[in-house]
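An overview of the molecular structure
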Amino acid sequence: MAGLAAKFGSGAMTNSVEGISRNEALFVIGSNTTENHPIIGLRMKEAVARGAKLIVADPRKIPLVKFATLWLRHKPGTDSVLLNAIMHVILAEGLEDKSFIAERTEGFSEFKESLKEFTPDFAETITSVPAEDIRKAARIYASAANAGIYYAMGITQHVMGTYNVHAVGNLAMLTGNLGKDAAGVNPLRGQNNVQGACDMGCLPDVFPGYQKVANPEIRQRYEAAWGVSLSEVPGLPASEMTEAMLNGRMKAMYIFGENPAVSDPNTNHAVKGFESLEFLVVQDIFLTETAELADVVLPSASFAEKDGTFTCSERRVQRVRPAIASPGEAREDLSIIHEVHQRLIGGDLTTKVQAQDVFAEAAGLWPNMAGMDYGRLDQESLQWPCPTKDHPGTPYLFEKAFPRNETGKALFTKVPYVVSHELPDTEYPYVLTTGRELFHYHTGTMTRRSTGLDAVAPEAFVEVNPADAKDLGVKDKEMLTVTSRRGTIRVKARVSDIVPPKVVFIPFHYQEAGANRLTSDALDPICKIMEAKVCAVRLER
């Protein structure tokens, strides 16, 4: 959000899933797409079958590598150096889109100057990617008539995560791959409604529609609609709440649909924060590890039991209707929150609020959804911006302008070389990176209660390169102790060349061997995301 909004004026996926199969070139970085976004992965395979060239940049030999024209196996945490070097080659060989740069961007001269040091040879020393492969990647991407970039948390969960996103945006701008079909910059959201949650204001500094709380005109509009006085001060990002809990600044918390007692980096530290609260409420569909810490647990409805809308990565708003009734005392989130609110203000507990009413209010206050209502959404899904009732929705953004400011131009930004917060040393000689696997999702709240899925993937593992396994004297499926500066877990070894030497990988779904007990909570200074993708560990039999 922070990276793309600063460059383009919007932080959403610029293009559509449907158009992926028509890409002439695809650049996938920081995304294990076929395992974490399987349907989008199918579209990528379809593009390759049609003749598209696929570049995959990932330290691990992920399944998508099998379909790649070129695999760039860079060291964890060196994404922006790799991207800068690719752009250095594009400029050196005159492959940039000069007319797009001149007509639709600003800040190019300073940006161009900043790339001089990022030669392919310099990048090879930092990333371990051969200089000639960097040149090949530049030529493949820049020579395509329409090329799409696809990324996920593999490039964002770093102390330089915002810079990584800036670099991705710079690459698309440099080659004119914005504002047209089957191209663009495409962040792949981690859940089915992450985009919708952001759209509706679940960020610390905005109202619904990414409208800043610090803007007096916007604040007045919401004050008029809601009939209350509203603060101009942004709230805390989630990553800063642990310290606020521990130092007593934050005394109570209300969590719903999230399990941070397993998912937060440096989990042991985060749990101490939750335990220090005077009052904790958790609203969820199961008694999660976080719910076990709560003073009050409110049972809520699952995705299959609620009415409303979901908005997916491609900005597509889709109607959701109950397929089954909720069990026991479980209720829809909206119903619970509305009643809590009525009790807080001494209101009428007999009043009801419908998802349709909330949607109508949001659409009335955010021009990008002004043309949407349940009447239309009952018949078809729509992609925002959809400003009028007769507008068909927008399959790709920025066709005519970038909404960043009154110039309508995108901004090139300088991306410096920033080193990960914690690198290997003699005491902790391995780099740990974490992620998901195909058969489980996030903290396993739902998937690990599925007997079929849990039978296929019943336990945690640590991927270890065969050379490292030999040095350690460990065989496949033997137990290892993995230790960082923050915690220790015991987990089975999975000896495999999926990971390079001195890099290990652990999926974070398994509470009994929680990878996030090891990971770092060092913050990106711009957007405050935690560096879950790189930390130093040691392995012991």
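The rules we used
- Residues numbered from 1 in each chain as written.
- Predicted model: local features only at pLDDT ≥ 70, side-chain atom pairs only at ≥ 80, totals over all residues.
- Heavy atoms only, no water.
- Phe/Tyr/Trp six-rings, centres within 6.5 Å; stacked < 30°, edge-to-face > 60°.
- Lys NZ or Arg CZ within 6 Å of the ring centre and 35° of its normal.
- Pairing = 2+ DSSP bridges.
- Helix = DSSP H or I, 4+ residues; strand = E, 2+ residues; numbered from the N terminus.
- Salt bridge = Lys/Arg side-chain N within 4 Å of Asp/Glu carboxyl O.
- Buried < 20%, exposed > 50% of the residue type's maximum accessible area, 1.4 Å probe, protein only.
- Patch = residues over 30% accessible without salt bridge, like charges linked within 9 Å, V, L, I, M, F, W, Y side chains within 5 Å.
- Areas by Shrake-Rupley, 256 points an atom, 1.4 Å probe, with all protein chains shown as cover.

Time to look at the packing of aromatic side chains. Within a pair of aromatic rings, the relevant descriptors are the distance that separates the centres and the angle that separates the planes. Under the defined criterion, the tally for this structure stands at 17 aromatic pairs. When the centroid spacing of 5.9 Å and the interplanar angle of 75° are considered together, the rings of Phe118 and Phe122 count as edge-to-face. By way of ring pairs, the aromatic residues Phe8, Phe100, Phe398 and Phe402 are connected into one cluster. The lysine or arginine in question, Arg315, covers the ring of Trp384, its NZ or CZ lying 5.9 Å from the ring centre. Over the aromatic face of Phe286 sits the side chain of Arg449, whose NZ or CZ is 4.3 Å from the ring centroid.

The next thing to look at is the sheet that holds strand β14 (residues 382-383). The sheet built from three strands is open, its strands ordered β12-β13-β14 with antiparallel pairing. Each edge of the sheet is formed by a strand with only one pairing partner; in this case those strands are β12 (308-311) and β14. With two bridges connecting them, strand β13 (residues 316-320) and β14 associate as antiparallel partners. Note that in β14 the partner of Val317 across the bridge is Leu382.

Following the criterion strictly, the structure yields 33 salt bridges and no others. Measuring nitrogen to oxygen at the nearest pair gives 4.0 Å for the salt bridge that ties Asp133 to Lys136. Residue Asp133 and its partner Lys136 are both found in helix α8 (residues 131-143); the two are separated by three residues, about one turn of the helix. Residue Asp133 is classed as buried on the basis of its relative accessible area of 18%. It is possible to trace a salt-bridge network through shared partners that takes in Glu93, Glu132, Arg135 and Arg139.

To continue, consider a nonpolar patch on the surface. Taken together, the side chains of Tyr254, Phe256 and Ile337 define a hydrophobic patch exposed on the protein surface, amounting to about 250 Å² of accessible area. Within the secondary structure, Tyr254 is located in strand β9 (residues 252-256). According to the relative accessible area criterion, Tyr254 is partly exposed, its value standing at 33%.

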